[in-house]
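Residue-level listing of the chains:
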Amino acid sequence: MGKVTGFKEFERQDEAYTPVKDRVKHYKEFTVSLSESEITKQGSRCMDCGIPFCHSGCPLGNLIPDFNHMVHQGEWQKASWILHSTNNFPEFTGRLCPAPCEKSCVLGIIEDPVSIENIEKNIVERAFKEGWIKPQPPKTRTGKTIAIVGSGPAGLAAAQQLNRAGHTVTVFERDDEIGGLLRYGIPNFKLEKEIIDRRIAILEAEGISFKVNVNVGVNYDVKELKTFDAVVLCGGATERRSLPTPGIDADGVVQAMDFLTQQTKVVFGKEVKDQVLATNKDVIVIGGGDTGSDCIGTSNRQGAKSVTNFEIMPKPPGHRSPTTPWPFWPLQLKTSSSHEEGVERNWLINTKEFVTDTNGKLTALKTVNVEWKMVPGERPQLIEVEGTEKAWPCDLALLALGFTGPESTLADQLGIEKDARSNYKAEYGKYQTNIPNIFTAGDMRRGQSLIVWAISEGREAARQVDIYLMGKSDLASKDMSGDLVAL
Ligand SMILES: Cc1cc2nc3c(=O)[nH]c(=O)nc-3n(C[C@H](O)[C@H](O)[C@H](O)COP(=O)(O)OP(=O)(O)OC[C@H]3O[C@@H](n4cnc5c(N)ncnc54)[C@H](O)[C@@H]3O)c2cc1C
Ligand code: SF4
């Protein structure tokens, strides 16, 4: 609840970024932290609004007014306890969450909302610095064994919760490092990978076993999963979307995830053969979401000659649209730090052809401007605008078009039903598939989404697994007022 008059006394302050000319020279995070006294002022802007909407805006149900109040009081350790009672990994959400909580903050109706996400980051960073975040191995073990497939935020949250309930947890990951998209999707300049390692060290000390380079269903027989009492599938939604466009196979048309993963591996000195580089190239990033933005930031760091972005949808309004009133998540233009580093953004544009030279090397993109025709009761129709054809010089086209859903290997081999969108089928809130001891959570169940949702689903699925195995659970659900396991 902060200070009764805090929101009248203090304006919102956000972290600054180091200048563009400096930060594009490296792959480290580039935020400039606020001082402790400024953060306590920011906490005091939480205005005791009576019925807070922020924590229902947060998919984890974070107890936001409570930790804001503790920060305002200088009670950082208590703030950390409150924060960790609903969120296993605030160091990820405090950096990367789009913060739907802030869009539903009551103060946001009349002024800038409370800077909840940044307060969250400061609480967890302070807690790590002070040594308050310590491994909490369970006092007793249940003798039950659990396999978790996939080590993204959903798998990690499920693992920590189930381990704390006393079960013996093994996490299988096909990559060479733990973290899912946190590790190899999101660039190091948005999330330094030491932040993941710091948390994994805690999980290992709590007793969780991690097995990397294990691709379940490929180099590890799914029959082996039968030796576990329960399984949680958290394999993400990694099936990449492509385009049915002539020339798509050209040398120089590259999937965004390949481009981003390679760069992160290079940052950490791993061997990458024939790295795709944007250096001195005219780069076009197709797709305007988070992945597209990350490709723009990476291209600028690699020294691209030019960076252009295409988005097939219309440019969103600069302010909240009347179709998404408070407290809903707004349809609104997003300008990321990567956009600020240099890009020409284009909306309502469709790629018609990837043009190549005689060696099959990409030289240009042919495009046409489009409009969306809305007919009530029908799917929106894409209409090409006559006379708007254009050729754009391009040596590297990055496909940042999102993901169509999870890969089907595990579903096919285990006999898991899928839903109409090809996601692994399990009812929201239950997380149980058609095979009673197999559960699923995160992007694999809900489709491409957010870190905060992955953590939320991992936690909730863990509780359902615990109930399935033990008949009851002491693990908190987001409908409760906090976790029973304190920091
Ligand atoms: C480039 C990019 C940027 C993003 N930026 C943001 C952001 O800023 N903020 C945000 O909130 N969200 C962001 N997201 C989305 C977010 O990363 C995902 O929603 C989240 O990571 C999903 O978590 P998950 O645990 O469900 O799956 P994932 O993180 O995808 O993890 C799944 C893991 O399962 C492993 N796996 C799959 N199959 C197997 C198998 N058979 N055997 C073993 N392992 C397997 C995969 O290798 C992977 O490591 C971004 C996504 C991308 C691609
Ligand atoms: S996890 Fe995201 S939505 Fe929840 S409080 Fe933090 S920033 Fe807000």
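Because the structure is predicted, anything quoted here is derived from the model rather than measured.

**Student:** For this particular structure, what's the right way to read the overall build of the protein?
**Tutor:** Counting its regular elements, the protein contains 18 helices and 18 strands. A compact globule built from 487 residues should have a C-alpha radius of gyration of about 23 Å, and the protein, at 23 Å, falls within 12% of that. Projecting the C-alpha coordinates of the protein onto the three principal axes gives extents of approximately 70 × 60 × 50 Å. Nonlocal contacts in the protein, meaning residues at least 24 apart in sequence, comprise 67% of its contacts between residues at least 6 apart. As displayed, the protein offers around 21900 Å² of accessible surface, 51% of which is attributable to carbon and sulfur atoms. Distance between charge centroids for the protein: 2 Å, based on 57 positive and 64 negative side chains.

**Student:** It is not clear to me how the side chain of glutamate 311 should be interpreted in this structure. Could you clarify?
**Tutor:** Structurally, the position occupied by glutamate 311 is in strand β10 (residues 306-311). Notably, glutamate 311 is buried but unbridged: the nearest opposite-charge side chain belongs to arginine 345, and the N-O separation is 7.7 Å. A distance of 2.8 Å separates a polar side-chain atom of glutamate 311 from the backbone nitrogen of glycine 288. At a separation of 3.0 Å, a polar atom in the side chain of glutamate 311 contacts the main-chain amide nitrogen of methionine 313.

**Student:** Can you help me understand the pairing of strand β16 (residues 396-399) in this one?
**Tutor:** Side-chain direction in a regular strand flips from residue to residue, so the side chains alternate between the two faces of the sheet. Of the two faces of β16, the one holding Leu396 and Leu398 and the one holding Ala397 and Leu399 are both buried throughout. Sheet topology note: the strand β8 (residues 253-255)/β16 ladder contains 3 bridges and is parallel. Bridge pairing in β16 places glutamine 255 opposite leucine 399. Two elements, strand β9 (residues 282-286) and β16, share 4 bridges in a ladder whose sense is parallel. In the sheet register, valine 283 faces β16, and the bridge partner there is leucine 396.

**Student:** Where do I start with the environment of glycine 180 in this structure?
**Tutor:** With respect to the secondary-structure elements, glycine 180 resides in the loop between β4 (168-172) and α11 (181-184). Accessibility expressed as a relative area gives 19% for glycine 180, which makes it buried. Linking glycine 180 and leucine 156, residues 24 residues apart in sequence, is a C-alpha distance of 9.4 Å. Sequence-distant contacts of glycine 180, that is, excluding residues within four places in its chain, are made with Ser151, Gly152, Glu173 and Gly185.

**Student:** Explain the packing of aromatic side chains here, please?
**Tutor:** To describe a pair of aromatic rings, one takes the distance between the centres and the angle between the planes. The tally for this structure, following the rule as stated, stands at 10 aromatic pairs. Between the NZ or CZ atom of arginine 301 and the centre of the ring of phenylalanine 189, over which it lies, the distance is 3.8 Å. The ring of tryptophan 392 has lysine 390 lying over it, and the distance from NZ or CZ to the ring centre is 3.8 Å.

**Student:** Hey, could you run me through the nonpolar core in this one?
**Tutor:** Most often, soluble globular proteins keep nonpolar side chains buried together rather than apart. Core analysis: the biggest nonpolar cluster contains 71 residues, and Phe67, Ile146 and Ile148 have the highest contact counts within it. If you count residues domain by domain, this core takes at least three from each of domain 1 (6-130) and domain 2 (145-238 + 404-470). Among residues more than four places away in sequence, those in contact with isoleucine 146 are Leu162, His167, Thr168, Val169, Thr170, Phe228, Ala230, Val232, Val465 and Leu469. Ile416, Tyr424, Ile438 and Met444 belong to the second-largest nonpolar core, a separate cluster that totals 18 residues.

**Student:** Just to check I follow, could you spell out the state of the cysteines for this structure?
**Tutor:** Every disulfide links exactly two cysteines, by a covalent bond between their sulfur atoms. Applying the stated criterion across every chain, the model contains 0 disulfides. With no disulfide of its own, cysteine 54 lies 6.2 Å from the sulfur of cysteine 46, the closest cysteine sulfur.

**Student:** Sorry, what's going on with the packing of helix α10 (residues 153-164) against helix α12 (residues 193-206) here?
**Tutor:** The angle between the axes and the distance between the axes are what describe a pair of packed helices. Taken N-terminus to C-terminus, the directions of α10 and α12 make an angle of 30°; their axes are 10 Å apart at the nearest point. By the angle between their directions, the pair α10 and α12 is classed as roughly parallel. The crossing of α10 and α12 is left-handed. Every residue of α12 that contacts α10 at Leu156, Gln160, Asn163 and Arg164 is listed here: Ile200, Leu203 and Glu206. When the residues that make up the contact of α10 with α12 are grouped by side-chain class, the tally is 3 nonpolar, 2 polar and 2 charged.

Rules and cut-offs
Residues numbered from 1 in each chain as written. Chains lettered and ligands numbered in written order. Predicted model: local features only at pLDDT ≥ 70, side-chain atom pairs only at ≥ 80, totals over all residues. Heavy atoms only, no water. Helix = DSSP H or I, 4+ residues; strand = E, 2+ residues; numbered from the N terminus. Rg over C-alpha atoms; globule rule 2.2 N^0.38 Å. Contact = heavy atoms within 4.5 Å. Areas by Shrake-Rupley, 256 points an atom, 1.4 Å probe, with all protein chains shown as cover. Lys, Arg positive; Asp, Glu negative; His and termini not counted. Charge placed at Lys NZ, Arg CZ, Asp CG, Glu CD. Buried < 20%, exposed > 50% of the residue type's maximum accessible area, 1.4 Å probe, protein only. Salt bridge = Lys/Arg side-chain N within 4 Å of Asp/Glu carboxyl O. Polar contact = N/O pair within 3.5 Å; in protein donor to acceptor, adjacent residues only side chain to side chain. Pairing = 2+ DSSP bridges. Phe/Tyr/Trp six-rings, centres within 6.5 Å; stacked < 30°, edge-to-face > 60°. Lys NZ or Arg CZ within 6 Å of the ring centre and 35° of its normal. Core = buried A, V, L, I, M, F, W, Y, C linked by side-chain atoms within 4.5 Å. Domains from an automatic or database assignment. Disulfide = S-S within 2.5 Å. Axes fitted to C-alpha atoms, helices over the stretch in contact; angles between N-to-C directions. Parallel < 35°, antiparallel > 145°, perpendicular 65-115°, else oblique. Left-handed = near helix turned anticlockwise from the far one by under 90°. Nonpolar A, V, L, I, M, F, W, Y, C, P; charged D, E, K, R; others polar.

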